[in-house]
Amino acid sequence: MKSIKEAGPLSGKRVIVRVDFNVPIVNGKVRDDFRIRKALPTIEYLKNKGAKVILIAHLGEDEKESLEPVAKALKKYTPVLFLKESIFSQAIDNAILEHKKGTVILLENIRREKGEKDNTSSFGRALSRFGDIYVNDAFSVSHRVHASIIGIPKHIPGYAGFQLLDEVKNLSLAFEPKHPFLFILGGAKFETKVPLIKKFMRDADKVFIGGALMNTFFKTKGYEVGQSLVDEGNFGIPKLLKDEKLLLPSDVEVAVGKTHRCVSPDQVRDTETIVDVGPKTIAELQAVIANTKFILWNGPLGKYESGFGGATEKLLKIIASSKAQSIIGGGDTVALVDKLKLEKKLGFVSTGGGATLEFLAKGTLPGIKALK
């Protein structure tokens with residue numbers, strides 16, 4: 001990949017920048033602007049070079065949500081003109097034509113346009129008409145084969161933004177880590193994470209499984225998991241359970257309505273739901289971390305979205321105060337990092353969820369390949 005610094009003179013150039021502003025919106029306001037802040041170095045660099053910056057982003061999985069709250073949040077850091085019209089509107093072309101050097105335009109949610117997800121060549125070409133060059137600064141969506149990720153650089157020169165380069169540089173440390181190396185994996189979506197479990201069973205010294213993933217391991221061991229989320233696929237778990245590198249929680253928090261208790265994994269009742277790992281597990285992980293030099297963590301340990309982020313918060317604080325080099329990823333985990341103000345105390349905090357997982361498994365992403 002070529003860095004945006006290799007793009008030559010930028011004064012007066014129209015620069016399309018794909019950013020990831022897919023941030024949580026609560027009551028019409030951005031709750032967590034971590035991803036917005038991560039894009040600022042590239043935006044400011046282009047502005048200072050006299051470029052005409054045109055930002056493309058998406059919000060949500062459908063076409064209903066508007067980026068207007070994001071535009072308001074971005075205005076705290078830089079002046080921005082938000083354009084609500086469809087990209088095929090003459091008003092968009094007129095606004096970009098009148099666009100002055102060193103200013104920023106944000107287009108409306110790109111997923112409102114059918115050609116984005118379909119990645120039609122005509123749509124990629126239509127998007128490319130807005131710019132002289134293209135910059136991908138959206139690592140966290142670079143695993144998507146969408147027009148704004150891989151279509152535009154087929155028509156105009158493509159470069160990597162600072163955030164994308166930073167992600168690739170830091171996540172690549174996991175390919176040649178220091179040892180002892182601890183890999184922590186939480187969250188759900190077992191099918192997408194099995195390749196990582198198998199990969200790091202080879203590469204890491206210890207692999208800890210939490211989140212909804214642990215429920216499937218417990219069920220395979222013959223334990224009652226109650227109402228907990230499990231995956232019924234055939235993932236070769238019996239073989240994984242025999243590996244001495246595997247670490248599973250020694251206690252879990254379970255809930256029925258508002259009633260909670262901590263029990264060993266083999267004491268869960270059929271009416272209960274596993275919602276987090278317990279304090280004994282955190283203490284055991286703290287002992288492992290004390291002798292660890294490199295930590296890679298993706299995904300929360302409990303049902304963070306339902307308010308069970310306690311164990312994840314405790315573990316983040318332990319890692320932040322340890323001497324281990326760390327990489328933290330996964331949308332929900334990153335939200336807690338931001339809440340606890342721990343970003344500067346951790347080694348590297350990735351903006352990616354699925355993109356981080358795919359990059360760690362394959363060493364590249366479609367959006368990266370498109371820039372080469």
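Note that the structure is a prediction, hence the values are computed from the model and not measured. (Residues numbered from 1 in each chain as written. Predicted model: local features only at pLDDT ≥ 70, side-chain atom pairs only at ≥ 80, totals over all residues. Heavy atoms only, no water.)

Enquirer: Explain the sheet that holds strand E16 (residues 325-329) to me, please; I cannot follow it from the model alone.
Expert: The pairing of strands in a sheet happens through backbone hydrogen bonds and is either parallel or antiparallel. One open sheet holds the six strands; their spatial order is E11-E10-E9-E15-E16-E17, and the pairing between them is parallel. In this open sheet, the two strands that pair with only one neighbour each are strand E11 (246-247) and strand E17 (348-349). Here strand E9 (residues 181-185) pairs with strand E15 (residues 294-298) via five bridges, running parallel. Following the sheet pairing, Phe181 is matched in E15 by Phe294. (Pairing = 2+ DSSP bridges. Helix = DSSP H or I, 4+ residues; strand = E, 2+ residues; numbered from the N terminus.)

Enquirer: It is not clear to me how the packing of helix H12 (residues 310-320) against helix H13 (residues 331-340) should be interpreted in this structure. Could you clarify?
Expert: Describing two packed helices takes the angle between their axes plus the distance from one axis to the other. Contact pair H12 / H13: the axes reach a minimum separation of 10 Å and the direction vectors enclose 65°. With respect to H13, the axis of H12 lies roughly perpendicular. Relative to H13, the crossing made by H12 is right-handed. In this structure, H12 contributes Thr312, Glu313, Leu316 and Lys317 to the contact, and H13 contributes Thr333, Leu336, Val337, Lys339 and Leu340. Partitioned by chemical class, the residues of the contact of H12 with H13 number four nonpolar, two polar and three charged. (Axes fitted to C-alpha atoms, helices over the stretch in contact; angles between N-to-C directions. Parallel < 35°, antiparallel > 145°, perpendicular 65-115°, else oblique. Left-handed = near helix turned anticlockwise from the far one by under 90°. Contact = heavy atoms within 4.5 Å. Nonpolar A, V, L, I, M, F, W, Y, C, P; charged D, E, K, R; others polar.)

Enquirer: Sorry if this is basic, but what is going on with the environment of Phe183 here?
Expert: With respect to the secondary-structure elements, Phe183 resides in strand E9. By relative accessible area, which is 1% here, Phe183 ends up buried. In the structure, Phe183 is positioned 24 residues away from Val207 in sequence and 4.8 Å away in space, judged by C-alpha atoms. When neighbours within four sequence positions are excluded, Phe183 is seen to be in contact with Leu196, Phe200, Ala204, Lys206, Val207, Phe208 and Leu296. (Buried < 20%, exposed > 50% of the residue type's maximum accessible area, 1.4 Å probe, protein only.)

Enquirer: Explanation requested: the sheet that holds strand E1 (residues 14-18) in the structure shown.
Expert: Taken in spatial order, the six strands make up an open sheet running E5-E6-E4-E1-E7-E8, and their pairing is parallel. Two strands close off the open sheet at either side, each with one partner strand: strand E5 (81-83) and strand E8 (158-160). Averaged over all pairs of adjacent strands, the angle between strand axes in this sheet comes to 25°, irrespective of strand direction. As paired elements, E5 and strand E6 (residues 104-107) share three bridges and run parallel to each other. Residue pairing across strands places Phe82 opposite Leu106, the latter belonging to E6.

Enquirer: For this particular structure, what's the right way to read the environment of Pro195?
Expert: Here Pro195 shows up in helix H8 (residues 190-203). Remark: the alpha-carbon pair of Pro195 and Leu360, spanning 165 residues in sequence, is separated by 9.6 Å.

Enquirer: Would you explain the pattern of salt bridges in this entry?
Expert: A side chain of one charge can pair with a side chain of the opposite charge when the charged atoms of the two come close. Tallied over the full model, the rule gives 17 salt bridges. Between Glu116 and Arg18 there is a salt bridge, with the nearest N and O atoms lying 3.8 Å from each other. Residue Glu116 is found in helix H4 (residues 114-118), and its partner Arg18 is found in strand E1; the two are separated by 98 residues along the sequence. With respect to burial, Glu116 and Arg18 carry one shared label: buried. Residue Lys339 pairs with Glu313 through a salt bridge whose shortest N-O separation is 2.7 Å. Linking Lys339 in helix H13 with Glu313 in helix H12, this pair joins segments that are 26 residues apart in sequence. (Salt bridge = Lys/Arg side-chain N within 4 Å of Asp/Glu carboxyl O.)

Enquirer: Teacher, can you tell me more about the side chain of Arg111 here?
Expert: Note on placement: Arg111 falls in the loop between E6 and H4. Apart from residues no more than four positions distant in its own chain, Arg111 is found in contact with His58, Gly60, Glu61, Asp62, Glu63, Glu116, Lys117, Arg144 and His146.

Enquirer: What exactly am I supposed to notice about helix H14 (residues 354-362) here?
Expert: Structural remark: α-helix, 3.6 residues per turn; residues separated by three or four positions point the same way. Those residues of H14 lying buried are Ala355, Thr356, Leu357, Phe359 and Leu360. In the segment just after H14, Gly363 is the residue with positive phi, at about 80°.

Enquirer: Mind showing me how you'd approach the packing of aromatic side chains here?
Expert: Within the structure shown, the criterion is met by ten aromatic pairs. The interplanar angle of 75° and the centroid separation of 6.0 Å between the aromatic rings of Phe139 and Phe359 together place this pair among those described as edge-to-face. Highlighted residues: Phe139 in the loop between strand E7 (133-136) and helix H6 (147-151) and Phe359 in helix H14, separated in sequence by 220 residues. A single burial state applies to Phe139 and to Phe359, both of which are buried. For the ring pair Phe183 and Phe200, a centre distance of 4.4 Å and an interplane angle of 40° mean the geometry is tilted. Of the two residues, Phe183 is situated in strand E9 and Phe200 in helix H8; the sequence distance between them amounts to 17 residues. Among the aromatic side chains, those forming a connected cluster through ring pairs are Phe181, Phe183, Phe200 and Phe294. (Phe/Tyr/Trp six-rings, centres within 6.5 Å; stacked < 30°, edge-to-face > 60°.)

Enquirer: Looking at this model, I keep getting lost on the packing of H8 against helix H9 (residues 213-220). Mind explaining?
Expert: Contact geometry of H8 with H9 gives a least axis separation of 11 Å together with a crossing angle of 80°. Viewed along their axes, H8 and H9 adopt a mutual orientation that is roughly perpendicular. Contact with H8, carried on its side by Phe190, Lys193 and Ile197, involves Leu213, Thr216 and Phe217 of H9 and no other residues of that element.

These values are about where atoms sit, not about what they do.
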